[in-house]
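Notes for the structure review
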Amino acid sequence: MSSHDIFLGETIGTAILVLLGGGVCAAVTFKRSKAYEAGWVAIAFGWGFAVLTGAYMVGGVSGAHLNPAVTVGLAIEGGTKWSDVPLYLVSQLFGAMIGAVLVWLAYYGQFHAHLTDREVLVAHNGAADDEGLVDPKAAPEAGPVLGVFSTGPEIRNVAQNLMTEIIATVVLVLAILTQGLNDEGNGLGVLGALITALVVVSIGLSLGGPTGYAINPVRDLGPRIVHSLLPLPNKGGSDWSYAWIPVVGPLVGGALAGLIYKLF
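Now for a description of the structure that goes with this document.

The rules behind each value
Residue numbers run consecutively from 1 along every chain, following the written order of its sequence. The model is predicted, so local features are restricted to residues of pLDDT at least 70 and side-chain atom pairs to those at 80 or more, both for listing and for counting; the totals for chains, interfaces and linings are taken over all residues. The side-chain quantities take in all heavy atoms of the structure and omit both hydrogens and water. Counted as salt bridges are all cases of a side-chain nitrogen of Lys or Arg within 4 Å of a carboxyl oxygen of Asp or Glu. Every helix listed is a DSSP run of H or I at least four residues long, and every strand listed is a run of E at least two residues long, numbered separately from the N terminus. Three labels apply to residues, based on accessible area from a 1.4 Å probe with only protein chains included: buried if under 20% of the type maximum, exposed if over 50%, partly exposed otherwise in between. Among buried residues, those of type Ala, Val, Leu, Ile, Met, Phe, Trp, Tyr and Cys that are joined through side-chain atoms within 4.5 Å constitute a nonpolar core. A contact between two residues is defined here by any heavy atoms of the two lying within 4.5 Å. Exposure above 30% relative accessible area and the lack of any salt bridge qualify a residue for a patch; like charges then connect within 9 Å, and the nonpolar side chains Val, Leu, Ile, Met, Phe, Trp and Tyr within 5 Å. Areas reported here follow the Shrake-Rupley algorithm with a probe of radius 1.4 Å; residue values treat only the protein chains shown as occluding. A helix is expected to span 1.5 Å for every residue after the first. Note that the bend at a residue is defined as the angle between axes fitted to the seven residues ending at it and the seven residues starting at it. Every angle, taken between N-to-C directions, lies between 0 and 180 degrees, and every axis is a line fitted to C-alpha atoms, over only the stretch in contact when it is a helix. Under this scheme an angle from 65 to 115 degrees is roughly perpendicular, one under 35 degrees roughly parallel, and one over 145 degrees roughly antiparallel; angles in between are oblique. A clockwise turn of the near helix away from the far one marks a right-handed crossing, whereas an anticlockwise turn of less than a right angle marks a left-handed crossing. Each residue gets one label: Ala, Val, Leu, Ile, Met, Phe, Trp, Tyr, Cys and Pro are nonpolar, Asp, Glu, Lys and Arg are charged, and the others, such as Gly, are polar. Counted as a polar contact is a pair of N or O atoms within 3.5 Å, where, for protein atoms, one must be capable of donating a hydrogen and the other of accepting one, and residues adjacent in sequence contribute only when both atoms are in side chains.

What to know about the pattern of salt bridges
Inspection of the entire model under this criterion finds three salt bridges. As a salt-bridge pair, Lys-31 and Asp-117 come within 2.7 Å of each other at their nearest N and O atoms. Here Lys-31 is found in the loop between helix 1 (3–29) and helix 2 (40–62), whereas its partner Asp-117 is found in the loop between helix 5 (108–115) and helix 6 (118–125), with 86 residues between them in sequence. Between Arg-156 and Asp-239 there is a salt bridge; the shortest N-O distance is 2.3 Å. Highlighted residues: Arg-156 in the loop between helix 7 (146–149) and helix 8 (158–180) and Asp-239 in the loop between helix 10 (217–229) and helix 11 (245–263), separated in sequence by 83 residues. Overall, Asp-239 belongs to the buried group, its relative accessible area being 2%.

Here you go:
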């Protein structure tokens, strides 16, 4: 694969992944959405199908890693050259940010309606003026739409949150290494993309409850950066104190999966 193939494939594939994954989170979150309150099962399947779509679109171009944890696992296993890893990671982060911006554009009206809804603001912040505006100093660290962009724990416990992300990512990357690779061993194959998507659904349903299952550093970091930059009223903070966990946890999990595969 050329550098051009890696950059285009990973940028486009990760953008599609985050667009569709973030899109289902937006659809379930916003009151003015037809999928409002569709629930966790919809989110789990939405992210699984997002992986499926992105992987099938670019699998023949870049191998459809779409996830630094997968790239690290493949590098340790030997299917991906270490010299290509930085380009994979940069392309994936860039694509994730593009996908997050596209979610904002697709749900532009819903974002505005949600973030100026007095009922929503009171529920999240405890107070709002007559125009539905909240004192920024009173806004919580995690804003009322941060969940559309990135993950957050139900119980803040650093050790548990980190371990949950590590365990879930080990499952994902081991499934890819044992069942999902193409004939060249450097990315997802045709059947492997389907298997991986179903594994993502399974992880979401079984292990996603504690932290929202980032299992992908750029899926969380890229949209979180976009959330911090977008001109959204009353959006609250981007929860940077937690942001390292969905980055470090999946990277450790991907590395462990690669080592487990090599050893056993």
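Here's the deal with the nonpolar core
Judged by nonpolar contacts, the single largest core of 30 residues is most densely connected at Trp-47, Leu-172, Ile-203 and Tyr-213. Contributing elements (two or more residues each) for this core: helix 1, helix 2, helix 3 (68–77), helix 8 and helix 9 (190–207). Considering each element in turn, this core owes the most residues, seven residues, to helix 2. Not counting chain neighbours up to four residues away, the residues in contact with Tyr-213 comprise Trp-40, Ile-43, Ala-44, Trp-47, Thr-151, Glu-165, Val-200, Ile-203, Gly-204 and Gly-208.

Concerning a nonpolar patch on the surface
On the surface, Val-158, Trp-244, Val-248, Val-252, Leu-256, Leu-259, Ile-260, Leu-263 and Phe-264 cluster together into a nonpolar patch covering about 860 Å² of accessible area. In this structure, Val-248 sits in helix 11. Assessed through its relative accessible area of 33%, Val-248 is described here as partly exposed.

Structural notes on helix 2
An ideal rise of 1.5 Å per residue puts 33 Å on 23 residues; helix 2 measures up with 31 Å between its terminal C-alpha atoms. Taking the largest bend as the criterion, helix 2 deviates by roughly 40°, centred on Tyr-56. Taken from the residues just after helix 2, Gly-63 is the one with a positive phi, measuring 90°.

What about the packing of helix 1 against helix 2?
Remark: helix 1 packs on helix 2, axes separated minimally by 8 Å, with the N-to-C direction vectors making an angle of 165°. Here helix 2 runs roughly antiparallel to helix 1, going by the angle between their axes. At the point where helix 1 passes helix 2, the crossing takes the right-handed sense. The class makeup of the residues in the contact of helix 1 with helix 2 is 17 nonpolar, eight polar and two charged.

Some details on the side chain of Thr-169
Turning to its location among the elements, Thr-169 is positioned in helix 8. Assessed through its relative accessible area of 0%, Thr-169 is described here as buried. A polar contact of 2.6 Å, which involves the side chain of Thr-169, links it to the backbone oxygen of Glu-165.

A few points about the packing of helix 8 against helix 11
Between helix 8 and helix 11, the shortest axis-to-axis distance is 7 Å and the interhelical angle comes to 40°. Taken as axis vectors, helix 8 and helix 11 run oblique relative to one another. In the packing of helix 8 onto helix 11, the handedness of the crossing is right-handed. Of the residues in helix 11, those in contact with Val-158, Asn-161, Leu-162, Glu-165, Ile-166, Thr-169, Val-170, Val-173, Leu-174, Leu-177 and Thr-178 of helix 8 are Ile-245, Val-248, Gly-249, Pro-250, Val-252, Gly-253, Gly-254, Leu-256, Ala-257, Gly-258, Ile-260 and Tyr-261.

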